[in-house]
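One letter stands for each residue in the lines below.
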Amino acid sequence: DQQVKQNSPSLRVQEGRISILNCDYTNSMFDYFLWYKKYPAEGPTFLISISSIKDKNEDGRFTVFLNKSAKHLSLHIVPSQPGDSAVYFCAASVRGGALIFGKGTTLSVSS
Amino acid sequence: DGGITQSPKYLFRKEGQNVTLSCEQNLNHDAMYWYRQDPGQGLRLIYYSQIVNDFQKGDIAEGYSVSREKKESFPLTVTSAQKNPTAFYLCASSIGRADTGELFFGEGSRLTVL
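Residues numbered from 1 in each chain as written. Chains lettered and ligands numbered in written order. Predicted model: local features only at pLDDT ≥ 70, side-chain atom pairs only at ≥ 80, totals over all residues. Heavy atoms only, no water.

**Overview of the interface of chain A and chain B**
- Contacts between the two partners involve 19 residues from chain A, matched on the other side by 24 residues from chain B.
- Linking chain A with chain B are 0 salt bridges.
- Elements with a contribution of two residues or more to the side of chain A that touches chain B: strand E4 (32–38) and strand E9 (86–93) of chain A.
- Per element, the largest residue contribution to the side of chain A that touches chain B is 4 residues, and it comes from E4 of chain A. (Contact = heavy atoms within 4.5 Å. Salt bridge = Lys/Arg side-chain N within 4 Å of Asp/Glu carboxyl O. Helix = DSSP H or I, 4+ residues; strand = E, 2+ residues; numbered from the N terminus.)

**A few points about the sheet that holds strand E3 (residues 19–25) of chain B**
Residue and element names in this part refer to chain B.
- Pairing is antiparallel across the open sheet formed by 4 strands, whose spatial order is E1-E3-E8-E7. Looking along the sheet, the strands with just one partner apiece sit at the ends: strand E1 (4–7) and strand E7 (64–66). Sheet twist, expressed as the average angle between the axes of neighbouring strands with direction ignored, equals 20°.
- Of the strand pairs in this sheet, E3 and strand E8 (residues 76–78) are connected by 3 bridges, and their pairing is antiparallel. Pairing of Thr20 across the sheet is with Thr77, part of E8. (Pairing = 2+ DSSP bridges. Axes fitted to C-alpha atoms, helices over the stretch in contact; angles between N-to-C directions.)

**Some details on the nonpolar core**
Residues and elements named next belong to chain A.
- Ranked by size, the top nonpolar core spans 24 residues in total, and within it Phe33, Trp35, Leu73, Leu75 and Tyr88 carry the most contacts.
- Mapped onto this core, the elements with two or more residues apiece are strand E3 (19–25), E4, strand E5 (45–51), strand E7 (62–67), strand E8 (72–77), E9 and strand E11 (105–110).
- The element best represented in this core is E9, accounting for 4 residues.
- Setting aside anything within four residues of it in sequence, one finds Leu73 in contact with Leu21, Asn22, Cys23, Tyr25, Phe33, Trp35, Val64, Phe65, Leu66 and Cys90. (Core = buried A, V, L, I, M, F, W, Y, C linked by side-chain atoms within 4.5 Å. Buried < 20%, exposed > 50% of the residue type's maximum accessible area, 1.4 Å probe, protein only.)

**Section: a nonpolar patch on the surface**
Residues and elements named next belong to chain A.
- Side chains of Ile18, Ile20 and Val78 sit close together on the surface and give an oily, nonpolar patch of about 230 Å² of accessible area.
- Checked against the element boundaries, Ile20 lands in strand E3.
- With relative accessibility at 37%, the residue Ile20 sits in the partly exposed group. (Patch = residues over 30% accessible without salt bridge, like charges linked within 9 Å, V, L, I, M, F, W, Y side chains within 5 Å. Areas by Shrake-Rupley, 256 points an atom, 1.4 Å probe, with all protein chains shown as cover.)

**Overview of the packing of aromatic side chains**
- Evaluated as defined, the whole model comprises 14 aromatic pairs over all chains.
- Taking 6.0 Å as the distance between ring centres and 15° as the angle between the ring planes, the aromatic pair formed by Tyr33 of chain B and Tyr48 of chain B counts as stacked. Remark: Tyr48 of chain B occurs in strand E5 (residues 42–51) and Tyr33 of chain B occurs in strand E4 (residues 31–38); sequence separation between them is 15 residues.
- The class of Tyr33 of chain B is buried, set by a relative accessible area of 1%.
- What makes Tyr48 of chain B buried here is its relative accessible area of 18%.
- In this structure an aromatic cluster arises from ring pairing among Tyr36, Phe46, Phe89 and Phe101 of chain A together with Tyr33, Tyr35, Tyr48 and Phe105 of chain B.
- Over the face of the ring belonging to Phe74 of chain B we find Arg68 of chain B, whose NZ or CZ atom lies 6.0 Å from the ring centre. (Phe/Tyr/Trp six-rings, centres within 6.5 Å; stacked < 30°, edge-to-face > 60°. Lys NZ or Arg CZ within 6 Å of the ring centre and 35° of its normal.)

Remember, this is a structural readout, not a statement about activity or role.
Next comes the structure, spelled out in structure tokens:
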């Protein structure tokens, strides 16, 4: 059974608008949650993370929100840019353990 | 520059052949990982190693083998027992047990079985 779920395979957004990518998890032991961005034929690159003791972390245009009671996190990108078009993976880990990834959401930002 | 190097970038294999994918890192990281990416499947963990001479199976270890004789190196062998080996393979490293889970990835190796 999947521990990290990204239920939307794709998302299309216009340039300048907000992109919201969602992620749900089932394991209440997860300590850290991370978002990775991936372009075709390249390795994923780290985007932003949040500890389970926080409910929000912000870095420039990217903000991650964590709702532990709902076992849900989301990544907000404001404003969205065409260069943001990529596959976004949500991942989670118990401290010291391997990352568990979701299946990814393909974001397309049109100009 | 510090980073993770995977080779080869592209590899073709005939059915029944074993093939080894190389992964080297000069980040002085303790932990190393192998993931497999298939369309619509995300990244699935094959094997990981938290320390030299030790490694653990991930979710899809069957048909794969690894070794960790040196801190810098974590090669992955795709054996003939792997039923569907065509995929994009990603190697990653992290600081280790005390870290927050952030992984640094290589550029990947695409394996195609003919």
